[in-house]
Amino acid sequence: MKVGVLALQGAFGLHEQVLSRLDVAAVQVRTAEELAEIDRLVIPGGESTAISKLLDANSLAHPLADRLASGLPVLGTCAGLILLASEVVDGYPGQRCFGAVDVAVRRNGYGRQSESFSASIEVRGWESAFPGVFIRAPVIESAGTDVEILAELDGIPVLCRQGSAVVSSFHPELAEDDRLHRWFVEQE
């Protein structure tokens, strides 16, 4: 299995490190040709506006939309969640949304950089909490009926799945816990 990490902007290197610790072949994805060669994709945190513009500049937006529509398993964290959402409540005009997960999100919904925090996240089916790191994190304001909510924080979804797409408001690559990445690569 080859897992791609979208390497246009953001924390892609940290996701690569986690996957490497799991002995998973991880490759950086910057071109449509690289995207075509992978079995799964991680869209990292970063700045969703910048990533969106770089997807267009690198002619990756349409190939990515096609791969997502065909069921490419994808993990979107923080900015990745914003890009995979069906709606960005406070996005800029033309904000890219791939609609892989039927959620409406608010960018930086948990606050500015100075309001970043960590919280224990109870993930459904896991024996112990996951250490969630929230940095300028998006808030999921609503989720469609086909969205499986895997974890909440104070009643707000922070980890969801719809089909082959998994999204998180937090940064699992910053935790010293590889369970979310391991779970993602082991999903059928």
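Residues numbered from 1 in each chain as written. Predicted model: local features only at pLDDT ≥ 70, side-chain atom pairs only at ≥ 80, totals over all residues. Heavy atoms only, no water.

A. Focus on the pattern of salt bridges. Under the defined criterion, the tally for this structure stands at seven salt bridges. Of the charged contacts, one joins Arg96 and Asp56 as a salt bridge, the two residues approaching to 2.4 Å between their closest N and O atoms. Separated by 40 residues along the polypeptide, Arg96 in the loop between β5 (85-88) and β6 (101-106) and Asp56 in helix α3 (residues 48-57) bring together distant segments of the chain. Accessibility expressed as a relative area gives 22% for Arg96, which makes it partly exposed. Between Asp177 and Arg179 there is a salt bridge, with its nearest N and O atoms 2.8 Å apart. (Salt bridge = Lys/Arg side-chain N within 4 Å of Asp/Glu carboxyl O. Helix = DSSP H or I, 4+ residues; strand = E, 2+ residues; numbered from the N terminus. Buried < 20%, exposed > 50% of the residue type's maximum accessible area, 1.4 Å probe, protein only.)

B. Just the packing of aromatic side chains, in detail. One pass over the full model with this rule turns up four aromatic pairs. An angle of 5 degrees between the planes, with centres 4.7 Å apart, marks the rings of Phe117 and Phe134 as stacked. Residue Phe117 is found in strand β7 (residues 117-121), and its partner Phe134 is found in strand β8 (residues 130-134); the two are separated by 17 residues along the sequence. Judged by centre distance (6.0 Å) and plane angle (65 degrees), the rings of Trp126 and Phe130 are edge-to-face. The two residues Trp126 and Phe130 agree in class, both being buried. Aromatic ring contacts, followed pair by pair, group Phe117, Trp126, Phe130, Phe134 and Phe170 into a single cluster. One cation-aromatic arrangement involves Arg40 over Phe184; the distance from NZ or CZ to the ring centre is 5.6 Å. (Phe/Tyr/Trp six-rings, centres within 6.5 Å; stacked < 30°, edge-to-face > 60°. Lys NZ or Arg CZ within 6 Å of the ring centre and 35° of its normal.)

C. Up close: the sheet that holds β5. Strand order in the open sheet formed by three strands is β5-β6-β9, with mixed pairing between adjacent strands. Strand pairing shows two members of the sheet lacking a second neighbour, β5 and β9 (139-143), which therefore form its edges. Between one strand axis and the next, the sheet turns through 35 degrees on average, direction left out of account. Where β6 and β9 come together, four bridges link them in antiparallel fashion. For Val105, the partnering residue across the bridge sits in β9 and is Ile140. (Pairing = 2+ DSSP bridges. Axes fitted to C-alpha atoms, helices over the stretch in contact; angles between N-to-C directions.)

D. Representation of the state of the cysteines. For the coordinates displayed, the defined rule picks out zero disulfides. The cysteine Cys97 is free of any disulfide, with Cys78 supplying the nearest cysteine sulfur at 15 Å. For Cys97, a relative accessible area of 30% translates into the label partly exposed. Counting only cysteine sulfurs, Cys78 is the nearest neighbor of Cys160, a cysteine outside any disulfide, at a range of 14 Å. (Disulfide = S-S within 2.5 Å.)

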